[in-house]
Amino acid sequence: MIKAILVFNNHGKPRLSKFYQYFNEDMQQQIIKETFQLVSKRDDNVCNFLEGGSLIGGSDYKLIYRHYATLYFVFCVDSSESELGILDLIQVFVETLDKCFENVCELDLIFHADAAHQVLDELVMGGMVLQTNMNDILCRLQEQNKMQKAEAGISAAPARAVSAVKSMNLPQQLRDMKLPDLPQAIKDLKF
Amino acid sequence: MALKKVKGNFERMFDKNLTDLVRGIRNNKDNEAKYIAQCMEEIKVELRQDNIAVKANAVAKLTYLQMLGYDISWAIFNIIEVMSSNKFTYKRIGYLAASQSFHADSELLMLTTNMIRKDLNAQNQYEAGLALSGLSCFISHDLARDLANDIMTLMSSTKPYLRMKAVLMMYKVFLRYPEALRPAFPKLKEKLEDPDPGVQSAAVNVVCELARKNPKNYLSLAPVFFKLMTTSTNNWMLIKIIKLFGALTPLEPRLGKKLIEPLTNLIHSTSAMSLLYECINTVIAVLISISSGMPGHAASVQLCVQKLRILIEDSDQNLKYLGLLAMSRILKSHPKSVQAHKDLVLACLDDKDESIRLRALGLLYGMVSKKNLMEIVKKLMMHMERAEGTLYRDELLTRMIEICSQNNYQHVVDFEWYVTVLAELTEMETSAKHGAALARQLTEVGARVAAVRGFAARECAALCRRCAGAPPGPASREVLYAAAYVLAEYCQEEAVMRESVSPLLVCAAVGGAHMRARAVCVHAAFKLTAKLLHCYEKRGDLDAAISVVREALAGLRPLLCSEDMEVQERAHNATALLSLLLPRLGATDGDGDLPHVVDGTLVDHEQSNGLEKQTNGENVNGEESHGFSGGLIEELVDLFEGELKPVAPKAQKKVPMPPDLDLNQWLSRDHWSSESSSSEEEADGGAVFAAPQPDPRPTAQFTPEELQMLREARRQEQANNPHYLKDDSPRSYQQEDVPIAEIALEVPLQIQSKRSDKYLISKESSKKTKKEKRSSKKRKSKKDKHSSESDSDDGEESIRRPAVDAGGELPDGAAPSDDEPPPPHDDPHRALDLDLDLPLREEELLTSRIHQYPSPESGLLAKKSKESKKSKSAKKESTEKSVKKKKEKKSKHDKKVDLMLSESTKSYVNEGWLIDDLSKSNEKTATKASDNDKVLIDNHVKSSKTEKNKKSKRDAKEKDSKKKKSSKKDKHETKIGYEEALGISTPSKEVI
């Protein structure tokens, strides 16, 4: 069983968190913090398995993580999961995100955490691996997004127009004149 | 209407959506909390509006805030509203929020039951899929009970996507609602052979999870899995199946034998490392379960170890880690084959990755032998010096102690070396926690190894002097606690004792309040003084005696007003006794110039300490004078006579309760005062207050075998105990080489090496010279004491190490091997421990429940107990018969069922697929059984199901079998009862 899936950046800011066992919000934040502290002090060329998280699980559980650019993807799993299998699963997850967002970066996850959750829901359900074939996952996601688009129909057009204008909001653009934001704005333009 | 909708949309355009929220938070980095509080207010306003789009927007924002750690449980009702929208877009938002924030104990969850049922039965597969995904995160017992049937229906949906999700969902249902497992199991089994690989994989996944906790119930599925394993090419599924086999083989060794070949083939053929690794793991599990005696057994071990070596040597750190992990599993059963790769493991100790170092450390435990222990520990000591990070340091120290002390110090040949290592570790002054661990070791070695006591005492004396000289570090403070004890208890050398009295008393004065060793130091100093006085008395050296008493008294004086109560009290005691002694010494001596005057304050203290004085007085009165203190010194030494022996860990629990002790009896004042102490009257008194109750705890009574065992154990103990005279016990040390006390302790000769290294060096040098020594006959006695020390440790000594006292003291008649029953723990999987091969009962079938709340009769237990009462009278007759037949069948039965296997089982254990003909025929009979029989079968089935119900049945049976039976036997009864029921038709007719 997978107990939790956490995505956070190099500074420990959560970008996506999914707990398959209930913890209250404070506890969740503590777990993220502890996990970040454990994971972040490790070099990139050491192994991807980590034992000794005290808050979540216990001796039966281990953390399996991968570090991509600015993001850590951490899965907390028990002994019924294959360690190397989970590493592959993280790879599948990230590749799927990459396909969905076209060159995924941290900003995609910041602004579209809901979309990332949808990807995750097709990958893992209730702590168990659901589907590992990336093409199947993409196909499911496309169909669902199509449904959503069909529902929005004509009435969604003005809303999207407004949000596009908002995204172009020049003073704001100037204020956070971070380079990564620009392609984001452009992407938002073409729907 | 349409206009309103458009208007709503227009309004919405200018609301803050999720993107705006995120952007806003990023722009307000400095006052994030304030900004979010403001947004929360906006969201609350939005949630109050009627427009579902606005609400959905608000809920989406809430979901984001939840991730940041804000509690959103107050919005549960709004989230449910959004979930119940007809639009897929909003449903998605709602279900996402629900899956993130709801949990099984959330309030208002029952509001969702019908909505979720509607979604589950929706036309669109994605709506149903969404509901399943969401539900998997927050399903509760009530939801599971009410929706189990709907989810079961989805398991046979035409759409593979839904089947897959429903199968996985069932696992969550089982966890919350164990009653669903039996009715759903046939379907789950079916899904193992589903045409869609995804569904198959999901079913395998679920069964694996179930079987991990209760493997014995799933043995019957082994053939299906075996087929899947040999045919499937899906690595994900193969991994799961192979893991499952790993869990099953310990229960069925024959399965393991059959598995070895295909697994070995897979190991040779697969290119996927993950699969290879799991195969190796399962082969290891098989090898452990079948122990040895199988052809090709050694070859399999060899293959595994070889493959693992390749993994460990790989440059990929992940593979290295896993390789070490698997190695540690082999280590438990086949230490020899792992030991061959010692070089590899030792190399891993130098790895830069902490995870790998920790794993390698774990392996070291099995790698050490008498020969290489010193080397390995030296290496670890070096790591200890370099190590950063408390976790690794902690682990290092614990492991070091563990590998040295394992199996009653099996690998330690030279205990002087070990004591030195302990002393060096103390000198590193790491932390109090480590100090405590070291202190335990020091005490233990002192207690168990008589031969090293003299040396240990000297080391401890050095430590005490060091602590007295400079304020001790955190580790020393703890170790001092043990050092003071060991020093005072075991020291035999006069010079060492004489030198230690003052330092000990100085130690007692320093260290501050949190040093628990202080009181022990006072006591130890007093003890040493007493021992010294004894020596001097024997020798008649009065001057020395007086000087030591004076020194002790001077050292004790500052402690008389110590802020630590215990230090103060002990100091007073010691002072009182010693100052009583001092005039005696003066008096018997008759030498006028010796100062008789005891410090005035001390006399005061002595007088205030009336009790102490009195007891001392008695002692003196009882003795006729001999020696120069009139027997007082003898008395003093007597206080410390006797050896403290190690106590076995469970000794306290094993103390048998005296049969006449009744803790429930009143300790009534009347009773005590009015009655004299005659036993008759006491018994009467007991009758007045309460009927004498049977002793709640079993007293130890022994069968002849047990007595035999105990005798054997004692003989063993005598063999190990150094205090029984044995001519070969090598403790030349303490008697003969008193004068060389200094050399082992002080500054090492080489500058960079540690003190403990000399043992290693001497060992190596001895190896070189071994041959010539052997040829030149045997060494004659020790003329050079210095060399004798190292000599005695090599050669014969390497084989013949000092005797180590094993075990510990137990109350008379208690056997050390008794195991405690494991404490019960709370695990949802225990409820899932159900027999899946029994036929289903009608009332077990899941029906769609319309009612939201459980009606009283739907409570499972209530129903059962009712029924069991109903059929009790009828059953009684049948059980009587079955008990009779049971005895006949018993012998036959025992052959079939492996007792080890069934130790913890409560229900029928299928013999596994290797003899599935038998179980098939059983099934056939089961189906053949007429409807009339079914009622009776049901009774038996039920009784095997829950513990409680079992009891009710046992009640009926107890009439036949007077004595209470152990649960193991009970299980046999249920099982046999079941088989009986198949054959007997008459009693069942009576039921109807």
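Residues numbered from 1 in each chain as written. Chains lettered and ligands numbered in written order. Predicted model: local features only at pLDDT ≥ 70, side-chain atom pairs only at ≥ 80, totals over all residues. Heavy atoms only, no water.

Colleague: Got a minute to help me understand the overall build of chain A in this structure?
Modeller: When you go through chain A residue by residue, the secondary structure sums to eight helices and seven strands. A total of 191 residues make up chain A; the buried ones form 54% of that total. Taking contacts inside chain A between residues at least 6 apart in sequence as the whole, the part at least 24 apart equals 52%. (Helix = DSSP H or I, 4+ residues; strand = E, 2+ residues; numbered from the N terminus. Buried < 20%, exposed > 50% of the residue type's maximum accessible area, 1.4 Å probe, protein only. Contact = heavy atoms within 4.5 Å.)

Colleague: Even after reading the chapter, I still don't get the overall build of chain B, so can you show me in this structure?
Modeller: Within chain B, the regular secondary structure consists of 50 helices and zero strands. Buried residues in chain B amount to 51% of all 992 residues. A separation threshold of at least 6 residues defines the contact pool for chain B, and within that pool the share at least 24 residues apart is 74%. Accessible area of chain B: about 48,300 Å², with a carbon and sulfur share of 54%. (Areas by Shrake-Rupley, 256 points an atom, 1.4 Å probe, with all protein chains shown as cover.)

Colleague: Would you mind going over the packing of helix H10 (residues 160–176) of chain B against helix H11 (residues 181–191) of chain B with me for this structure?
Modeller: Geometrically, a packed helix pair is captured by the angle between its two axes and the distance between the axes. All names here are of chain B. It is the contact of H10 with H11, at a shortest axis distance of 11 Å, that shows an interaxial angle of 150°. If you check the angle between H10 and H11, you find them roughly antiparallel. Considering how the two elements wind past one another, H10 and H11 form a crossing that is left-handed. Counted together, Arg163, Val167, Met170 and Phe174 of H10 and Leu181, Ala184, Leu188 and Lys191 of H11 form the full contact between these two elements. (Axes fitted to C-alpha atoms, helices over the stretch in contact; angles between N-to-C directions. Parallel < 35°, antiparallel > 145°, perpendicular 65-115°, else oblique. Left-handed = near helix turned anticlockwise from the far one by under 90°.)

Colleague: I tried to follow the pattern of salt bridges on my own but got confused; where do I start?
Modeller: A side chain of one charge can pair with a side chain of the opposite charge if their charged atoms are brought near each other. Considering all chains together, one arrives at 35 salt bridges over all chains under this definition. Here Glu566 of chain B makes a salt bridge to Arg570 of chain B, at a shortest N to O gap of 3.0 Å. Residue Glu566 of chain B and its partner Arg570 of chain B are located together in helix H31 (residues 565–589), separated by four residues, close to a single helical turn. A relative accessible area of 41% places Glu566 of chain B in the partly exposed class. Here the salt bridges share partners, and the residues they tie into one network are Asp78 of chain A together with Glu209 and Arg212 of chain B. (Salt bridge = Lys/Arg side-chain N within 4 Å of Asp/Glu carboxyl O.)

Colleague: Can you walk me through the pairing of strand E5 (residues 71–77) of chain A in this structure?
Modeller: In regular strands, side chains alternate between the two faces of the sheet. Residue and element names in this part refer to chain A. Of all seven residues in E5, seven are buried, a share of seventy percent or more. The alternating pattern of E5 places Leu71, Phe73, Phe75 and Val77 on one face and Tyr72, Val74 and Cys76 on the opposite face, and all of these are buried. Sheet topology note: the strand E4 (residues 62–68)/E5 ladder contains seven bridges and is antiparallel. Pairing of Arg66 across the sheet is with Phe73, part of E5. Hairpin connection of E4 to E5: two residues between the antiparallel strands, including Ala69 at a positive phi of 45°. (Pairing = 2+ DSSP bridges.)

Colleague: I tried to follow helix H28 (residues 494–509) of chain B on my own but got confused; where do I start?
Modeller: An α-helical segment advances 3.6 residues per turn. Residues three or four places apart therefore align on the same side. Residues and elements named next belong to chain B. End to end, H28 covers 24 Å across 16 residues, agreeing with the expected 22 Å (1.5 Å per residue, within 8%). If you look at H28, its biggest bend is around 35°, right at Ser500, and the proline Pro503 turns up within four residues after that. For H28, the complete set of buried residues consists of Val496, Met497, Ser500, Val501, Pro503, Leu504, Leu505, Cys507 and Ala508. (Expected span 1.5 Å × (residues − 1). Bend = angle between axes of the 7 residues up to and from the residue.)

Colleague: So what exactly am I meant to see when it comes to the confidence of the model for chain B here?
Modeller: Low-pLDDT stretches of the model should not have their predicted coordinates read in fine detail. All names here are of chain B. Overall, the prediction assigns chain B a mean pLDDT of 71, with 63% of residues at 70 or greater. Contacts for the low-pLDDT stretch residues 587–625, under 50 throughout, to residues beyond four places or in other chains number 43 contacts. Ignoring residues within four places in sequence, the model shows residues 848–877, a span with pLDDT below 50, making 37 contacts including any to other chains. With a pTM of 0.64, the predicted complex shows an ipTM of 0.85. (pLDDT = per-residue confidence, 0-100.)

Colleague: Would you explain the packing of aromatic side chains in this entry?
Modeller: For any two aromatic rings, the description comes down to two numbers: the centre-to-centre distance and the angle of the planes. Throughout the structure, instances matching the rule amount to 15 aromatic pairs over all chains. Aromatic pair Tyr68 of chain A and Phe73 of chain A: ring centres 5.6 Å apart, planes at 90°, arrangement edge-to-face. Judged by relative accessible area, Phe73 of chain A falls into the buried class, the value being 3%. Judged by centre distance (5.7 Å) and plane angle (65°), the ring pair of Phe185 of chain B and Tyr218 of chain B falls under edge-to-face. Note that Phe185 of chain B is positioned in helix H11 and Tyr218 of chain B in the loop between helix H12 (197–213) and helix H13 (222–231), a separation of 33 residues in sequence. Here Tyr218 of chain B falls in the buried class, since its relative accessible area comes to 1%. Taken together, the aromatic side chains of Phe8, Phe36, Tyr65 and Tyr72 of chain A make up a single cluster linked through ring pairs. Above the ring of Tyr61 of chain A, the side-chain terminus of Lys3 of chain A is found at 4.2 Å from the ring centroid. Between the NZ or CZ atom of Lys258 of chain B and the centre of the ring of Phe226 of chain B, over which it lies, the distance is 6.0 Å. (Phe/Tyr/Trp six-rings, centres within 6.5 Å; stacked < 30°, edge-to-face > 60°. Lys NZ or Arg CZ within 6 Å of the ring centre and 35° of its normal.)

Colleague: Where do I start with the side chain of Asn48 of chain A in this structure?
Modeller: Relative to the elements of secondary structure, Asn48 of chain A occurs in the loop between helix H1 (25–40) and strand E3 (49–50). Looking at Asn48 of chain A, its side chain comes within polar contact range of the main-chain oxygen of Tyr65 of chain A, at 3.0 Å. In this view, Asn48 of chain A contacts Leu63, Ile64, Tyr65, Arg66 and Leu87 of chain A together with Asn318 of chain B; residues no more than four positions away in its chain are not counted. (Polar contact = N/O pair within 3.5 Å; in protein donor to acceptor, adjacent residues only side chain to side chain.)

Colleague: How do you make sense of helix H5 (residues 134–152) of chain A when you look at a structure like this?
Modeller: With 19 residues, H5 of chain A extends 27 Å from end C-alpha to end C-alpha; this agrees with the ideal 27 Å at 1.5 Å per step. Burial in H5 of chain A covers these residues: Met134, Ile137, Leu138, Arg140, Leu141, Gln144 and Met147 of chain A. Packing partners of the buried residues in H5 of chain A comprise helix H2 (83–101) and helix H4 (113–123) of chain A together with helix H6 (88–101), helix H8 (125–138) and H10 of chain B. Its side-chain oxygen 2.9 Å from the backbone nitrogen of Asn135 of chain A, Asn133 of chain A forms the N-cap of H5 of chain A.

Colleague: Mind showing me how you'd approach unusual backbone geometry here?
Modeller: With the exception of glycine, most residues fall at negative phi, and the peptide bonds are largely trans. Located in the positive-phi region is Asn103 of chain A, a residue other than glycine, with phi close to 60°. Tracing the backbone through its elements, the reader meets Asn103 of chain A in the loop between H2 and helix H3 (106–111). The class of Asn103 of chain A is exposed, set by a relative accessible area of 62%. You will see that Tyr409 of chain B, though not glycine, has its phi angle at about 55°, which is positive. Mapped onto the secondary structure, Tyr409 of chain B falls in helix H23 (residues 390–409).

Colleague: Hey, could you run me through the interface of chain B and chain A in this one?
Modeller: Note: interface size is frequently given as the accessible area lost on complex formation between the parts. In this assembly, 68 residues from chain B lie in contact with 68 residues from chain A. For the pair chain B and chain A, the two sides together bury roughly 6,300 Å², of which 54% comes from carbon and sulfur. Between chain B and chain A we count four salt bridges in total. Measuring nitrogen to oxygen at the nearest pair gives 2.8 Å for the salt bridge that ties Arg212 of chain B to Asp78 of chain A. Put simply, chain B and chain A have 31 residue pairs in polar contact (both at pLDDT 80 or more) between them. (Buried area = accessible area lost by both parts, 1.4 Å probe.)

Colleague: I tried to follow the environment of Val74 of chain A on my own but got confused; where do I start?
Modeller: All names here are of chain A. Secondary-structure assignment places Val74 in strand E5. Judged by relative accessible area, which is 1%, Val74 ranks as buried. Placed 68 residues apart in sequence, Val74 and Leu6 show a C-alpha to C-alpha distance of 5.1 Å. Contact partners of Val74, with chain neighbours within four places excluded, come to Ala4, Ile5, Leu6, Phe8, Thr35, Val39, Leu63, Ile64 and Tyr65.

Colleague: Quick question: what am I supposed to make of the side chain of Glu478 of chain B here?
Modeller: Take Glu478 of chain B: it is sitting in helix H27 (residues 474–490). Filtering out sequence-adjacent residues up to four positions away, Glu478 of chain B remains in contact with Ala432, Gly435, Ala436, Ala439 and Arg516 of chain B.

Colleague: Which parts of the structure should I look at to understand the pairing of strand E1 (residues 2–9) of chain A?
Modeller: All names here are of chain A. With eight of eight residues buried, E1 is to be regarded as a mostly interior element. As paired elements, E1 and E5 share seven bridges and run antiparallel to each other. Its bridge partner lying in E5, Leu6 is registered against Val74. Of the strand pairs in this sheet, E1 and strand E2 (residues 14–19) are connected by five bridges, and their pairing is antiparallel. Across the sheet, Val7 pairs through a bridge with Leu16, a residue of E2. Here E1 folds back onto E2 in antiparallel fashion, the turn holding four residues, of which Gly12 has a positive phi close to 85°.

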